[in-house]
Amino acid sequence: MGQAFDFYQILFDQHNHAYEASGEKDKIIIQVGAATCEIAAGADPVAREFEKLIQASGRKDILLKRVGCTGRCAREPVVGVFVPGGMPVKYEQVTLAKVQTIFQTHLQQGQPVAELMLDKKTGKFYEYVVILCSSGQCSPSGGKQLETKLRSRLHARGVDPQSIRLFHGGCMGLCPAGSKGKQRVMMVFPEKILYLFHNDQELDEIIDLQFARHQTAEKYITHADFITEQFFRLYGDVAFFNKQTRLTLRNSGLVDPESLSDYIRNKGYEALARVLDGDPGFVIDEITRSGLRGRGGGGFPTGVKWKNARTYSNDPIRYVVCNADEGDPGAFMDRSALEGDPYIIIEGMTIGGFAVGAQRGYLYVRAEYPLAIKRLEMAIENAGKHQLLGKNIMNSGFDFDLEIRLGAGAFVCGEETALMYSIEGKRGQPRIRPPYPTQAGLWGHPTVINNVETWANVPTIMLFGADWFSRLGTEKSKGTKVFALAGKVNNTGLVEVPMGTTLRDIIEDIGGGIPNGKQLKAIQTGGPSGGCIPASRIDTPVDYENLAAIGSIMGSGGMIVLDEDDCMVATAKFFLEFTQSESCGKCVPCREGTLRMLEILERITCGKGTHEDLDKLERLGRLIQKTSLCGLGQTAPNPVLSALENFREEFIQHIDEKRCAAHQCQQLIRYEIDAEKCVGCTLCARRCPVSCISGKAKEVHVIDQDKCIKCGECYNVCKFDAVMKN
Amino acid sequence: MATATKDGLESDIVKFISQCRKKEHPESYLIAVLHKVQEKYGYLSQDHMNEVAQRLQVPTSTVSGVATFYHFFRLRPRGKYAISVCLGTACFVKGADKVLNAFQTELGIEMGETTADGLFSLENTRCLGVCALAPVVTINDTVYSKVTANQVPELIRQVKSGKNVEG
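Residue indices begin from 1 for each chain and proceed along its sequence in written order. Here the convention is simple: chains get letters from A, ligands get numbers from 1, in the order in which they are written. Given that this is a predicted model, residues contribute local features only at a pLDDT of at least 70 and side-chain atom pairs are listed and counted only at 80 or more, while totals for whole chains, interfaces and linings are drawn from all residues. Each side-chain value is worked out from all heavy atoms of the structure, with water and hydrogens disregarded.

(A) Highlighting the overall build of chain A. Helix and strand definitions here come from DSSP, where helices need a minimum of 4 consecutive H or I residues and strands a minimum of 2 consecutive E residues; each element is numbered from the N-terminal end. Helices and strands together make up the secondary structure of chain A, namely 28 helices and 22 strands. Computed over the C-alpha atoms, the radius of gyration of chain A is 28 Å, within 12% of the 27 Å expected from 2.2 N^0.38 for a compact globule of 726 residues. Taking the principal axes of its C-alpha atoms as reference, chain A extends roughly 80 × 70 × 50 Å. The contact criterion used throughout is that any non-hydrogen atoms of two residues lie within 4.5 Å. In chain A, 71% of the contacts between residues at least 6 apart in sequence involve partners at least 24 apart. Side-chain charges of chain A comprise 85 positive and 88 negative groups, with the mean position of each set lying 2 Å from the other. Atoms counted for the radius of gyration: C-alpha only. Globule rule: 2.2 Å times residue count to the power 0.38. In this tally, Asp and Glu contribute negative charge and Lys and Arg positive charge; neither His nor the terminal groups of the chain are included. Working definition for charges: the position is that of NZ of Lys, CZ of Arg, CG of Asp or CD of Glu.

(B) How the structure looks around the sheet that holds strand E2 (residues 62-67) of chain A. Residues and elements named next belong to chain A. The mixed open sheet is built from four strands, whose spatial order is E2-E1-E3-E4. The sheet is open, and its two borders are formed by E2 and strand E4 (88-91), each paired with just one other strand. Ignoring which end each strand starts from, the neighbouring axes of this sheet average 20 degrees apart. In this description, a line fitted to the C-alpha atoms serves as the axis of each element, helices being fitted only across the stretch in contact, and the angle between N-to-C directions of two axes falls anywhere from 0 to 180 degrees. Sitting on the sheet, helix H3 (residues 43-57) touches strand E1 (28-33), E2 and strand E3 (79-82), and the angle it makes with E2 is about 165 degrees. Pairing between strands is defined by DSSP: at least two bridges between the two strands are required.

(C) Local environment of a positive patch on the surface. Residues Lys-616, Arg-619, Arg-622 and Lys-626 of chain A make up a contiguous surface patch of positive charge. Along the chain, the position of Lys-626 of chain A falls in helix H23 (residues 611-627). Patch membership needs two things, relative accessible area over 30% and no salt bridge, and members are linked within 9 Å if like-charged or within 5 Å if nonpolar (Val, Leu, Ile, Met, Phe, Trp, Tyr). Surface accessibility follows the Shrake-Rupley procedure with a 1.4 Å probe radius. Residue values consider only the protein chains on display as shielding. The term salt bridge refers to a pairing of a side-chain nitrogen on Lys or Arg with a carboxyl oxygen on Asp or Glu at a separation within 4 Å.

(D) Representation of the interface of chain B and chain A within the structure. Taken together, the contacts link 36 residues of chain B with 55 residues of chain A. Buried surface area refers to the total accessible area, computed with a probe of radius 1.4 Å, that the two partners give up upon joining, counted for both partners together. For the pair chain B and chain A, the two sides together bury roughly 3,500 Å², of which 61% comes from carbon and sulfur. The three residues of chain B that bury the most area against chain A are Phe-69, Thr-89 and Arg-126 of chain B, which together make up 19% of that side's buried surface. By the criterion applied in these results, polar contacts are pairs of N or O atoms within 3.5 Å in which, for protein atoms, one can donate a hydrogen and the other can accept it, and in which residues neighboring in sequence qualify only through two side-chain atoms. Along the contact surface separating chain B from chain A lie 15 residue pairs in polar contact (both at pLDDT 80 or more).

(E) A look at the environment of Gly-86 of chain A. Residue and element names in this part refer to chain A. On the secondary structure map, Gly-86 appears in the loop between E3 and E4. Using a relative accessible area of 22% as the deciding quantity, one classes Gly-86 as partly exposed. In this structure, the C-alpha to C-alpha distance between Gly-86 and Val-67, residues 19 residues apart in sequence, is 20 Å. In contact with Gly-86, other than residues within four places in its own chain, are Pro-190 and Lys-192. Here the term buried applies to any residue with accessible area under 20% of the maximum for its type, exposed to any over 50%, and partly exposed to those in between, with areas from a 1.4 Å probe on protein chains only.

(F) Representation of the packing of aromatic side chains. Paired rings are identified among Phe, Tyr and Trp, the last through its six-membered ring, by centres lying within 6.5 Å, and are further divided according to the angle between planes into stacked (under 30 degrees), edge-to-face (over 60) and tilted (the rest). Applying the stated criterion across every chain, the model contains 24 aromatic pairs over all chains. With centroids separated by 5.2 Å and ring planes inclined at 70 degrees, the aromatic side chains of Phe-574 of chain A and Phe-575 of chain A adopt a geometry described as edge-to-face. For Phe-574 of chain A, a relative accessible area of 4% translates into the label buried. Under the relative-accessibility criterion, Phe-575 of chain A is labelled buried at 1%. What links up through ring pairs into an aromatic cluster is the set Phe-231, Phe-232, Tyr-235, Phe-240 and Phe-241 of chain A. Charge-over-ring contacts are defined here by two conditions on Lys NZ or Arg CZ: a distance within 6 Å of the ring centre and an angle within 35 degrees of the ring normal. Across from the ring centre of Tyr-29 of chain B, 4.1 Å away, lies the NZ or CZ of Arg-405 of chain A, which sits over that ring.

(G) Fine view of the nonpolar core. Membership of the largest hydrophobic core comes to 66 residues, with the highest contact counts inside it found for Tyr-269, Val-283, Trp-306, Ile-345, Leu-363, Met-394 and Trp-455 of chain A. Per-element tally for this core: the top contributor is helix H14 (residues 342-356) of chain A, with nine residues. Residues within four places of Trp-306 of chain A in sequence aside, it is in contact with Val-283, Ile-284, Ile-287, Gly-352, Ala-355, Val-356, Val-448, Asn-450, Trp-455 and Val-458 of chain A. Tyr-81, Cys-91, Leu-107 and Val-137 of chain B belong to the second largest nonpolar core, which has 55 residues in total. Each nonpolar core is a collection of buried residues, namely Ala, Val, Leu, Ile, Met, Phe, Trp, Tyr and Cys, held together in the definition by side-chain atoms within 4.5 Å.

(H) Quick look at the pairing of E4 of chain A. Residue and element names in this part refer to chain A. Taking every second residue as pointing to the same face, both faces of E4 are buried, with Pro-88 and Lys-90 on one and Val-89 and Tyr-91 on the other. Direction of pairing for E3 relative to E4: antiparallel, over a ladder of four bridges. Looking at the pairing, Gly-80 lines up with Lys-90 of E4. Hairpin connection from E3 to E4: five residues lie between these consecutive antiparallel strands, with Gly-85 at a positive phi of about 85 degrees.

(I) Up close: the state of the cysteines. The disulfide definition used here is simple: a pair of cysteine sulfur atoms within 2.5 Å. Applying the stated rule across the entire model yields zero disulfides over all chains. Left without a disulfide partner, Cys-590 of chain A is nearest to the cysteine sulfur of Cys-587 of chain A, which lies 5.1 Å away.

(J) The confidence of the model for chain B, seen in detail. Residues and elements named next belong to chain B. Of the residues in chain B, 93% have a pLDDT of 70 or more, and the chain-wide mean is 89. For every residue, the predictor assigns a confidence score, pLDDT, that lies between 0 and 100. Every residue in residues 1-5 scores below 50 in pLDDT, and together they form 11 contacts with partners more than four places removed in sequence or on other chains. With a pTM of 0.91, the predicted complex shows an ipTM of 0.89.

(K) Representation of the packing of helix H2 (residues 30-41) of chain B against helix H3 (residues 46-56) of chain B within the structure. Residues and elements named next belong to chain B. Taken N-terminus to C-terminus, the directions of H2 and H3 make an angle of 145 degrees; their axes are 11 Å apart at the nearest point. Crossing hand, H2 versus H3: right-handed. When H2 is examined against H3, the residues Leu-30, Val-33, Leu-34, Val-37 and Tyr-41 are found in contact with a partner set consisting of His-48, Val-52 and Leu-56. Of the residues contributing to the contact of H2 with H3, the split by class is seven nonpolar, one polar and no charged. We call a crossing left-handed when the near helix sits turned anticlockwise from the far one by less than a right angle, and right-handed when that turn is clockwise. Amino acids are sorted into nonpolar (Ala, Val, Leu, Ile, Met, Phe, Trp, Tyr, Cys and Pro), charged (Asp, Glu, Lys and Arg) and polar (every other residue, Gly among them).

What follows is the structure, encoded as structure tokens:
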């Protein structure tokens, strides 16, 4: 190994020794999240309360740790209590009162509090929790066969199958290529042991030793790659997590994002050390072979982009840029990644800089993400102090520096040419390509622009190799994808799954389905540039090609779930309002075209549309797609066109019947008072801003439809459900 | 407290600008400078923009071009309490439009306006990335999650009485 690796080894040993010396390994760890969303949910006072209680109790064996986001947004603040050798317990929606209970009962008396646990539906404790590797790619039945087999064999050996909780987990990335389905893996809690077996006989032996005699079946113990195992050990016993495969989010929720030491002890900077001792061409080849494609939405092969930048000219000045201008409304993958593990992005960019021959990189971050910016600033400064950025990185002779540039609330700056102008301090208006940024980018020099998630993949690929990475995913879309799951779904949050996972797996299994027993109507992916996928397509495997084929796009990973109460016309209008107001105004099709489309949609949602309007929308939409200057305009009509294709009958209902079945288009709602239910309390009449409700006290009230402005105030205030929306 | 120079901008911003002048591509720091000015004064006044142009040596037309292009920059002062309703997709789906209406009714101002007493201004934002807690409203730097239209009057009362929010 070369100089950089020697440097890394010393660095790792230093941090590891300090960790060992601190005795942290043998301590009870209380983990409290520290991302924007968790803080909004109240994580800060919860952490302070734990701190107070730890101090008051005088216990030196408990350590409070702040970590990045685990992605379990709907249940935040999530608190983890990890007692060495015990089950990794996670508590949900922790309040100050719950902190008291958790501390007294779990930490002081050693009894986990079942009713406060994350996703715990019963108060029952299990002797063991077992996760079977049941990745859909290896076992088409989803591991059901193996489960049946395991349960019957447990029974045969006198072990009560009910004492064991069984989960079907996602891919742990253990098997060599070509061995699909020939070997199986299971993880057993509380021991957190990973067993590998090939046949029933081996399975029997494991059952016999582990579950019947409570011993370890040493012979079958295996180890997954470090990163997967780390994650599964702490979170594997919760269904929301064990269906996921975390590569780019590998440290989120595990490490203190502000600690370089934590990052280094979790394989951080090993990839960079190996890379710096080698040849830049090797990096580009490896990234190309891995099949990594841009995660910002376009899906352009990353290796090809890097090669173009390196070979296009002899220009000695080159740049790498991280696009963290996460402008899609409803997307928060990049924010969580930056807040939860800033160092992985920095390491990825440094590797990229070395590969393409750049000495400087820029992180273009939204100004709306103050915490992400703070963490990045801290991480850059810290990396610089440890010779991981700046001059002569890791004694390799490679110089590389990073600078943060803030956006200022312009969605169009997510487009790469606009982003470059913004970094240059100008108005962020896109220009025609070619020349591409890899040919003439920042200040005319070759520039590689990749999205946050793309950069976060780089260290992992260089660490475990292109072959390992390309085993995950589908033929043309390799690796994993992070989705921000939001809208009408139970487990809103951040999920990372292998490409090719079906929408059903994401929404039903991980997302926990639709709340309040409502029906799924559509899934919106790709934000304002994407489309609405109807519920009938829920079995579509998610990758670049499949989503394009059904009229949407992968986009950067926003996934909004819509249910029966959502009006597709209003949703299409919402997205168009957004792109319309974000249009930079440089080219006519986007500036004028989207405005005209919006006017038509407004007419339809007010009940003044005609059938001819639908044809106009389609014609105009296709024209804008073809003739706009940049990606914003070219994709702006997508939400409307896909809604028209998949939900045309809703548009027609608005036009012909002047009715909005979802009661979302205000102008089409008709408020009426149910004579049977009205008790004449006069509340609605008193609250009506236009005094259009008549009726004496204790008599049935009537709404004057001609005067009604459809504000809905009467509907909101009625205590007898007498006001109806029709 | 930093002292004001004779022509307006306070010394720390002046110092930042002169540091930027020494770096490569000084004009590229324009947006960063405007962020600092807005952070300090709450908005970008014409005088301050002119001074930035002069000190950074970029045309005033460029400064005003940039300031008007980006939504984040305000050209008018905002109220003591800046209420920002998120209108991102997740918030929209969960009823942010009703929350916005409630604020408009309760405060008697439209989006982008400030109340006559200078206390409240109403803005919107396109996604804070806290989608799982939708609908979301921020008042100055405090984030309120899962806000409903019914809670709005109480929220305003709380803010007025000085609870929960840093002024």
